[in-house]
Amino acid sequence: MHLNIINNMEKIALLASGSGSNVENIVHYFKSGNELEFPLILSNNPDAYVHERAKKLNIPSFTFSKKGFENGEALSFLTKYQIDFIVLAGFLLKIPENILDAYPNRIINIHPALLPKYGGKGMYGSHVHESVVANRETESGITIHYVNENYDEGNIIFQAKCEVLPADSPENVAEKVHALEYKYFPEIILKVVRSLY
Ligand code: GAR
């Protein structure tokens, strides 16, 4: 791993499987500053809208297969781009051992619910919000956590809550959760990366 201690510009890879609105928000947040650099976007989905966003943001983006993830293809992108830290922003695959070993305590994820509730395999995006509404929860929110070998089980770094009203649809909840993500994810990324050095 390459550590950019001297020029203080840690290089962050953003991983996303779908729309990538968090990716875009994060890149915009740091655009005018000089603290974090985002030289690489990776996805497991060639059709993900995040690739369109990457073009507009002028950041190279690549797709790897599930097999390529496990056999080191994704790790070779991370190495080539001298990535120091990995942010999962709407990324749906489990992180393989080769990447966990190369980035100990240097991978974080955002989850659209208050873990440990509504986590685990199959609990992503709209499925989470549908379950929250079906169970008549009165609150939901976001969890930012370190990534380990199990889905959504790494140590929790930060949580923020929003109210869920009886009349809220899953789409309403998704909107409230996205608002929390846009507000807090960039600043928590910065705090975590700073705490490493
Ligand atoms: C976000 O709400 C993120 O928390 C969630 O996917 C959405 C992606 O939105 N992640 C998960 O569900 C991971 N289990 P985006 O593509 O618009 O950023």
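Here, the structure is the one placed above.
Report on the accompanying structure. Residue positions are given per chain, counted from 1 along the sequence in the order it is written. Since the coordinates come from a predicted model, pLDDT governs what is reported: local features require at least 70, and pairs of side-chain atoms require 80 or more to be given and counted, while whole-chain, interface and lining totals use all residues. Note that water and hydrogens are dropped before the side-chain values are worked out from all heavy atoms of the structure.

**A short note on the pattern of salt bridges**
Point 1. A carboxyl oxygen of Asp or Glu within 4 Å of a side-chain nitrogen of Lys or Arg is what we treat as a salt bridge. Within this structure, the stated rule accounts for seven salt bridges.
Point 2. Between Lys11 and Glu37 there is a salt bridge, with the nearest N and O atoms lying 4.0 Å from each other. Placement of Lys11 in strand 1 (residues 10-15) and of Glu37 in strand 2 (residues 36-43) is noted, with a sequence separation of 26 residues between them.
Point 3. Buried residues are those whose accessible area, probed at 1.4 Å on protein chains only, stays under 20% of the maximum for their type, while exposed residues exceed 50% and partly exposed ones sit between those limits. Accessibility expressed as a relative area gives 13% for Lys11, which makes it buried.
Point 4. Note that Glu139 and Lys161 form a salt bridge whose closest N and O atoms lie 3.5 Å from each other. With a gap of 22 residues between them, Glu139 in strand 6 (residues 139-146) and Lys161 in strand 7 (residues 156-163) connect regions that are remote in the sequence.
Point 5. For Glu139, a relative accessible area of 36% corresponds to the partly exposed category. Per the convention used, a helix needs a DSSP run of H or I reaching at least four residues, while a strand needs a run of E reaching at least two, with both numbered from the N terminus.

**What to know about the packing of helix 6 (residues 125-134) against helix 7 (residues 170-195)**
Point 1. As a rule, the C-alpha atoms of each element are fitted with a line to give its axis, helices using only the stretch in contact, and angles between N-to-C directions run from 0 to 180 degrees. At a closest axis distance of 8 Å, the pairing of helix 6 and helix 7 adopts a crossing angle of 120 degrees. The handedness of the crossing between helix 6 and helix 7 comes out as right-handed. Side by side, helix 6 and helix 7 meet where His129, Glu130 and Val133 of the first sit next to Pro170, Val173, Ala174 and Val177 of the second.
Point 2. Broken down by class, the residue content of the contact of helix 6 with helix 7 amounts to five nonpolar, one polar and one charged. When the near helix sits turned anticlockwise from the far one by under a right angle, the crossing is termed left-handed; a clockwise turn instead gives a right-handed crossing. A contact between two residues is defined here by any heavy atoms of the two lying within 4.5 Å. Residues are grouped as follows: Ala, Val, Leu, Ile, Met, Phe, Trp, Tyr, Cys and Pro are nonpolar; Asp, Glu, Lys and Arg are charged; all remaining types, including Gly, are polar.

**Overview of the site of the ligand**
Point 1. Contacts to the ligand come from 13 residues, most closely from Gly20, Ser21, Asn22, Gly125 and Glu181.
Point 2. Whenever a nitrogen or oxygen atom comes within 3.5 Å of another N or O atom, the pair is scored as a polar contact, on the condition that within protein one atom can donate a hydrogen and the other can accept it, and that pairs from neighbouring residues in sequence are kept only if both atoms are in side chains. Ser21 places a polar side-chain atom, nitrogen or oxygen, 2.6 Å from an oxygen atom of the ligand.
Point 3. One of the backbone N or O atoms of Gly125 is found 2.9 Å from an oxygen atom in the ligand.
Point 4. Using the Shrake-Rupley algorithm and a 1.4 Å probe, accessible areas are obtained, with residue cover drawn only from the displayed protein chains. Surface burial for the ligand is 91%, taken as the share of its 450 Å² of free accessible area covered by protein chains.
Point 5. Going through the elements one at a time, helix 1 (21-30), strand 5 (107-111) and helix 7 are the ones with two or more residues in the shell around the ligand.
Point 6. The residue makeup of the shell around the ligand, split by class, is four nonpolar, eight polar and one charged. In these notes, residues near a molecule or strand are those with any non-hydrogen atom within 4 Å of it.

**A few points about the layout of surface pockets**
Point 1. Points on a 1 Å grid, built from protein atoms alone, make a cavity when a 1.4 Å probe fits but cannot get out and make a pocket when they are open with protein on both sides within 12 Å along at least 5 of 7 lines; residues with an atom within 4 Å of a point are the lining residues. Grid points are joined across faces, edges and corners, and a volume is the space filled by probe spheres set on the points. Space inside the largest pocket adds up to approximately 760 Å³.
Point 2. Surrounding the largest pocket, 43 residues form its lining, Gly90, Phe91, Leu92, Tyr124 and Gly125 being those nearest its centre.
Point 3. Of all the secondary-structure elements, those providing two or more residues to the lining of the largest pocket are helix 1, strand 5, helix 6, strand 6 and helix 7.
Point 4. Broken down by element, the residue count for the lining of the largest pocket peaks at six residues, all from helix 7.
Point 5. Here the second largest pocket defines a volume of roughly 190 Å³.
Point 6. What lines the second largest pocket is simply Met9, Val27, His28, Phe30, Lys31, Gly33, Leu36, Glu37, Phe38, Lys56, Leu57 and Ile59.
Point 7. Counting only elements with at least two residues in the lining of the second largest pocket, the list comes to helix 1, strand 2 and helix 2 (50-57).
Point 8. Residues of the lining of the second largest pocket, tallied by class, amount to seven nonpolar, two polar and three charged.

**Some thoughts on the packing of helix 1 against helix 2**
Point 1. Put simply, helix 1 and helix 2 touch, their axes get as near as 9 Å, and they point 20 degrees apart. The orientation of helix 1 with respect to helix 2, classified from their angle, is roughly parallel. Once helix 1 is placed against helix 2, the crossing between them reads as right-handed. Contact residues: helix 1 offers Ser21, Val23, Glu24, Val27 and His28, while helix 2 offers Val50, Arg53 and Leu57.
Point 2. A per-class count over the contact of helix 1 with helix 2 returns four nonpolar, two polar and two charged. The cut-offs work like this: below 35 degrees is roughly parallel, past 145 is roughly antiparallel, 65 to 115 is roughly perpendicular, and the gaps in between are oblique.

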